[in-house]
Amino acid sequence: MTGRSLSIAQYSWRLILAVMVALVLISSALVPLTDTALAQGAANPIRSFLPDDQVLRNETFNVSVTFNASADGFNAIGLGDTVPSGWTIQVDTTWCTPEAGFSNIVGDEAQYMWGDTYNATQTFTAIYQVTVPSGASAGIHLFSGQLEYYENGSGPFTEDIGGDSDVEVTVSPTPTPTITPTPPPPPTAVPTTSQWGMIGMITVFAAVLIWSLRRRRVIGANKSQ
């Protein structure tokens with residue numbers, strides 16, 4: 001069911017572009033072509049990553065593609081930019097200057113289209129958003145895309161998108177675990193003599209003292225005889 005939906009969406013993109021080209025051809029048949037209606041130069045689509053070329057997993061960032069109307073009668077403009085496989089895309093016609101007439105997502109491709117006719121002085125800026133998946137591998141990931149347009153019925157002209165073509169996914173370093181030093185063992189209590197032990201020591205000391213005094217008396221009595 002998903003594959004069929006994507007196929008229908010892709011066909012609608014081509015169908016709308018084909019209708020726009022048909023209208024351009026009809027209008028150009030009514031107005032004779034002049035030299036200024038022929039291709040005057042490259043539209044020169046340039047891609048840039050905002051804010052920079054390094055992103056983290058789960059980070060959402062903007063991709064900007066700028067280009068110029070290469071001649072008067074610049075119209076039937078289709079922009080398709082393919083992001084790394086599995087990355088999430090968000091598009092919105094109001095993110096473009098001038099505002100796009102159509103936006104779509106087919107697989108890994110962001111699509112914008114403009115149906116009006118513009119003069120050679122017109123500058124275009126198309127912005128879409130990309131979210132890096134949580135499982136993205138660290139390293140370089142590539143973008144690729146094309147710009148297709150007509151000039152007063154001449155075309156289609158196709159140009160590859162230049163500028164930034166790769167973005168680097170960086171992985172935050174694993175924080176070093178903090179090692180908490182083992183606290184020293186609690187001091188060992190100095191054993192103290194119990195109350196009964198103190199009484200026993202005093203009793204022994206008193207007995208020795210009494211015995212010593214009695215012995216002296218006996219010795220003194222014997223000497224006096």
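Residues numbered from 1 in each chain as written. Predicted model: local features only at pLDDT ≥ 70, side-chain atom pairs only at ≥ 80, totals over all residues. Heavy atoms only, no water.

**Thoughts on the sheet that holds strand β3 (residues 60-68)**
Put simply, the rule is: Pairing between two strands requires that DSSP report at least two bridges joining them. Runs of H or I in DSSP of at least four residues are treated as helices and runs of E of at least two as strands, each being numbered from the N terminus.
Ordered by their spatial adjacency, 5 strands build an open sheet running β5-β8-β3-β1-β12, and the pairing between neighbours is mixed. Unpaired on one side and paired on the other, β5 (88-90) and β12 (162-163) mark the two borders of the sheet. Pairing between β5 and strand β8 (residues 123-131): 3 bridges, direction antiparallel. Each residue of the ladder has a partner; that of I89, found in β8, is V130.

**Observations regarding the confidence of the model for the protein chain**
Put simply, the rule reads: Confidence per residue, as judged by the predictor, is encoded in pLDDT with a range of 0 to 100. Contacts are residue-level and defined by heavy atoms, with any inter-residue pair within 4.5 Å sufficient.
Averaged over all residues, the pLDDT of the protein chain is 80; the fraction at 70 or higher stands at 65%. Low pLDDT, under 50, characterises residues 1-9; the predicted model gives this stretch 5 contacts beyond four residues in sequence or across chains. Counted against residues more than four places away or in other chains, residues 24-39, with its pLDDT under 50, gives 18 contacts.

**Points about the sheet that holds strand β10 (residues 144-151)**
Applied cut-off: Only the stretch in contact is used when fitting a helix axis, every axis being a line fitted to C-alpha atoms; angles between N-to-C directions are given from 0 to 180 degrees.
An order of β6-β7-β4-β10-β11 is seen for the 5 strands of this open sheet, with the pairing classed as antiparallel. The sheet is open, and its two borders are formed by β6 (102-106) and β11 (154-160), each paired with just one other strand. In this sheet, adjacent strand axes meet at a mean angle of 15° when their direction is disregarded. Across 5 bridges, β10 lies against β11 in antiparallel orientation. For L147, the partnering residue across the bridge sits in β11 and is E159.

**Comments concerning the environment of F102**
Among the structural elements, F102 can be located in strand β6. Placed 10 residues apart in sequence, F102 and Y112 show a C-alpha to C-alpha distance of 5.7 Å.

**Some points on the side chain of D81**
Heads up, the condition is: Relative accessibility under 20% of the residue-type maximum defines a buried residue, over 50% an exposed one, and the middle range a partly exposed one, all with a 1.4 Å probe and only protein chains included. N or O atoms within 3.5 Å of each other form a polar contact, as long as, within protein, one can give a hydrogen and the other can take it, and as long as residues adjacent in sequence are counted only when both atoms are side-chain atoms.
Note on placement: D81 falls in strand β4 (residues 74-82). Residue classification places D81 among the buried residues on the basis of a relative accessible area of 1%. Among the polar contacts listed, one links the side chain of D81 to the side chain of R47, at a separation of 2.7 Å. Here Y128 takes part through its side chain, which lies 2.6 Å from a polar atom of the side chain of D81. Beyond its immediate stretch of four places on either side in the chain, D81 contacts R47, V63, V65, D108, E109, A110, Y128, F143, S144, G145 and I161.

**Notes on the environment of S137**
Within the secondary structure, S137 sits in the loop between β8 and β9 (139-142). Spatially, the C-alpha atoms of S137 and V171 are 8.5 Å apart, while their sequence positions differ by 34 residues. Excluding residues within four positions of it along the chain, S137 makes contact with R57 and V169.

**Regarding the pairing of β6**
Residues F102, N104 and V106 of β6 are buried on one face, while the alternating residues S103 and I105, pointing to the opposite face, are not. Across 5 bridges, the pairing between β6 and strand β7 (residues 109-114) is antiparallel. The residue of β7 that forms the bridge with N104 is Q111. Joining the antiparallel neighbours β6 and β7 is a turn of 2 residues, in which G107 adopts a positive phi near 60°.

**Concerning the nonpolar core**
Note the following rule: Among buried residues, the Ala, Val, Leu, Ile, Met, Phe, Trp, Tyr and Cys ones that are joined through side-chain atoms within 4.5 Å form a nonpolar core.
Core analysis: the largest hydrophobic core is formed by 32 residues, its most contacted members being W87, W114 and F143. Looking at this core, the elements that each hand over two or more residues are β3, β4, β7, β8, β10 and β13 (166-170).

**A short note on the packing of aromatic side chains**
For the record, the criterion: Two rings belonging to Phe, Tyr or Trp (six-membered ring only in the last case) form a pair when the distance between their centres is within 6.5 Å. Interplanar angles under 30 degrees mark stacking, angles over 60 mark edge-to-face geometry, and anything in between is tilted.
On inspection of all chains with the given rule, the structure shows 13 aromatic pairs. Aromatic pair F61 and W87: ring centres 6.5 Å apart, planes at 90°, arrangement edge-to-face. Of the two residues, F61 sits in strand β3 while W87 sits in the loop between β4 and β5, which places them 26 residues apart along the sequence. The exposure class assigned to F61 is buried, which follows from its relative accessible area of 2%. Relative to F124, the ring of W114 has its centre 5.5 Å away and its plane inclined at 75°; by these criteria the two rings are edge-to-face. Taken together, the residues W114 in strand β7 and F124 in strand β8 connect sequence positions 10 residues apart. W114 gets classed as buried once you look at its relative accessible area, which sits at 0%. An aromatic cluster of three or more residues is present, and its members are F67, F74, Y112, W114, Y118, F124, Y149 and F157.

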